[in-house]
Amino acid sequence: MFGLDRVVRTVTDHNRIVLLVMLLVCAGVIGGITQLEGGGAASTDSDAFGDTTVAQKADYIETYYGGLDRSSNVTYSSVYVRETDGNVLTKESLLASLEYQRTVRANESVADALADEQPILGVSNIVATRAAGDRNASLDAQITALESTSADEVRTLVSRTLSEGSPALQLLPQEYEPGTATAESRRMVFTMETAPGANSFGPPADAQRALYEGTVEQSDASAEYFTLGQHAQAPYQSQIWTDTTELILPAALLLILAVLGFAYRDLVDVVVGFFGVVVSVLCMFGILGWLGIPAGVTMIIGPVLITGLSIDYGLHVFMRYREQRGEGEGIREPMYRSLSAVSVALLLVTVTTAVGFLSNLTSPIGSIRQLGIGITLGVVSAFVVFTTLVPALKVSIDGLLERVGLDRRKAPLGQGRYLEPLLTAGVRAARVAAPVVVVVAVLAGAGGAAAWSELDRQGYQTSEEVADWKEELPGPLAWEATQTEWYQNSNYVDSQYQAESDSQRYTSILIEGDVTTAAALERVDAATADAAQREATFSRNGAAPVVSPLSVMERTAAQNESFAATLADADTDGDGVPDRNVSGVYAALYGANPAQASRVVERTDGEFRSVRLLVPVEQGLQVDDRANAMHGVAGVVESESDLTATAVGQATFANAELGQMADGIVETMVIALGIIAIVLALVYRLTDGSATLGLLTVVPIALVIGLVLAGMYVTDTPVTLLTALLLSLAVGLGVDYNIHISDRFAHELGRSDDPVIALRTAVTGTGGALLGSTLTSGGAFATLLLHVSPQLRSFGMLVVLALSLSFLVSVFVFPSMLLLWARRVGHASDVTRGTAVGASDD
């Protein structure tokens, strides 16, 4: 088929030439790794979710409110100060921070990156400019003014500066009591600019390094300076890698080698097979490099998926070779028969698996589209390597070893005394009650599919709590990343501080409709009160600084008598909420305080069309906890009113992304299954004369997906952006097992014409290879359950579910489907009829 027979004959008859040529070709392909780009996905993702409600409302806010941050080219980097004596608001401490600023600003990278307007915001700067009597005082002038101010005067300035409601409170921890001159820590925010259009996710690296190195030099016995940037995080990332390699990687390698040893029971085959795995993975990255396709998340997910698939390819080639080689027979001819028998199945697996992965090209996320392309290239690489390079190497090594007197005949997995009864259990069940097996399996799959709506949905899993036993393991096995300074500082900042930028600090509740009524402002007041009671809302001393039209009115009235009179006239019951002339109050607010009014009230062409609340959010909580809380605040606005309210923030963006991803997964899987069904129907019609056998091979994949969803429900594995992606990839993983069983069944049925005998041969021969593949790949992925990252744990659990359930369905359920199909098209076993009946063309 498709010229495969000629290729197979060349591989087995001219193994040394093929080996040399393929080694050279693979070396050239792998050389593309030097051209590989690691990133590139982010630039394609910026508009990925432009059609979600949250994204549309975010664009609306940007257009009519100007956004929360002044410029998309502005980034922030914070430096934190923590005194050992518990007070960072003394004259000495504030002066030390100004000296630190002078030191780092002398660095050319920092000086070039700092914004022109308010480059550094810190308590020390605010107090020093007040001492100098000049809001625009230079840094040197600030230092001079603070040096000439007494400690008592500094204390007074601090108390006045950090009074209740002061914007400077965002520079202090949550536990700070406004108006006092004592705080355990504070921060300085460095505002930096990037070039317009630059794809930057933070301050320039050189500037960050200078800030970090400055903190190391500034820290002493009395004060600790620290940052949380990439350079400060480097020791933590290094320790994470160390912990992973010392705890998880050894466990994964031991499991892989142990199962491969069990499956092959031969060191040479283990080494040859693993060599093919490594080459396949490297070729995938090499092709990506030569084609100029950024690797993105393929760097993380690609190797593990291609490793599992490559191991599967190797097991099928080697086990079929062992089946084919008889007593007194040489090496080349059995390998030729083996490759001829499995090459079509491997090609089908490659094509259909690639279809499953390429179906992700419909995803709106650029990184996922890149992953689909990357994995597809990896699948093709594995097919080429295991139908050319590995068989040629196997023939060469076995021939060399047998010439020195070593017998290379080995028994295939699945025909042992213990495994054969286990693997043939599905055949026995099919003979006795095939319809019952199919009905029960379909009901189980349908029940699992119904669990889709009940699964927990989390945009991102961020909690990295480490079980005590992992930290108490002996020696290098202990998980030590949580003991690093960066990890401890990060947790402290998350629990005590808001984010640097307004876009991260606040969630906007955009309220649309007739917002000029007293009822609309009543809902604003109710939503403000509701937000203040939620744990996800940042509070200081029990008060949540929610910014709303009402809060801006209150502050403006305290400073402007004219507006105060207008507000008092509109508020007839004195509860602080205008109950008449709302439009007039808005207009007066714009006249008295246009800068603050424009933050919370939209005025377009003289009309007031929307208002919004700015709810400060806690940073240390799970993303989804924050999102659910903000959606709840929006729901309070919509209750008992005709208004619409939308929560727009980082957390709700994540939820919107997940929602769109989850909705798209169904479409992706339907497209993948449809294309795979068409491909298999055509190929099976050409090779075995039966299109319906190809269509039948797709049915267990849908069943596996349903069972995987049930497994996720039972194991509390949430639907995240990552697991939603892997649900579509389960199509690519699951099709492998079914194709091998159905192809082997069709091959054996053509030889014996007895479906039961054909099924028994298929599940003991091919099923044994599938068992080895499942145990190897599943065991490797199971080690991810040891990781502290919840994302990786969910990833590992989902792949383990997909692999194990695919195996169980293919070996214990699919035989019943195949037997029913065989009977339907005219095949019958000696159990049901006295003689075998020939197959009819369907």
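Rules and cut-offs
- Residues numbered from 1 in each chain as written.
- Predicted model: local features only at pLDDT ≥ 70, side-chain atom pairs only at ≥ 80, totals over all residues.
- Heavy atoms only, no water.
- Pairing = 2+ DSSP bridges.
- Helix = DSSP H or I, 4+ residues; strand = E, 2+ residues; numbered from the N terminus.
- Axes fitted to C-alpha atoms, helices over the stretch in contact; angles between N-to-C directions.
- Contact = heavy atoms within 4.5 Å.
- Phe/Tyr/Trp six-rings, centres within 6.5 Å; stacked < 30°, edge-to-face > 60°.
- Buried < 20%, exposed > 50% of the residue type's maximum accessible area, 1.4 Å probe, protein only.
- Lys NZ or Arg CZ within 6 Å of the ring centre and 35° of its normal.
- Parallel < 35°, antiparallel > 145°, perpendicular 65-115°, else oblique.
- Left-handed = near helix turned anticlockwise from the far one by under 90°.
- Nonpolar A, V, L, I, M, F, W, Y, C, P; charged D, E, K, R; others polar.

Right, let's talk about the sheet that holds strand β2 (residues 120-122) for a bit. With antiparallel pairing, the four strands of this open sheet are ordered in space as β2-β3-β1-β4. Since the sheet does not close on itself, it has two edges, and those belong to β2 and β4 (223-226), each with one partner. Adjacent strand axes in the sheet meet at a mean angle of 20°, parallel and antiparallel pairs treated alike. Across four bridges, the pairing between strand β1 (residues 74-83) and β4 is antiparallel. Residue pairing across strands places E83 opposite A223, the latter belonging to β4. With respect to the sheet, helix α5 (residues 91-105) is in contact with β1, β2, β3 (185-193) and β4, its orientation differing from that of β3 by roughly 25°.

Here the focus is the packing of aromatic side chains. In the structure shown here, the tally under the stated rule is twelve aromatic pairs. A centroid spacing of 6.5 Å and a plane angle of 90° characterise the contact between F807 and F812, whose relative ring orientation is edge-to-face. Residue class for F812 comes out partly exposed when judged on its relative accessible area of 22%. By way of ring pairs, the aromatic residues Y80, F226 and Y497 are connected into one cluster. When the ring centre of Y492 is taken as origin, the NZ or CZ atom of R82, which lies over that ring, is 4.7 Å away.

Let us look at the sheet that holds strand β5 (residues 506-512). The four strands are arranged β6-β7-β5-β8 in an open sheet whose pairing can be described as antiparallel. With partners counted over all chains shown, the strands left at the sheet margins are β6 (601-604) and β8 (644-648), one partner each. Across the sheet, the mean angle from the axis of one strand to that of its neighbour is 25°, orientation sign disregarded. Inspection of the sheet shows β6 paired to strand β7 (residues 607-616) by four bridges, in the antiparallel sense. Following the sheet pairing, R603 is matched in β7 by F608.

Below, the discussion takes up the packing of α5 against helix α10 (residues 205-218). One can describe the packing of α5 onto α10 by two numbers: an axis separation of 10 Å at closest approach and a directional angle of 135°. Between α5 and α10, the angle is such that the two are oblique. The crossing of α5 and α10 is right-handed. Across the interface between the two elements, A96, Y100 and V104 from α5 touch A210, L211, G214, T215 and Q218 from α10. For the contact of α5 with α10, a count of residues per class yields five nonpolar, three polar and no charged.

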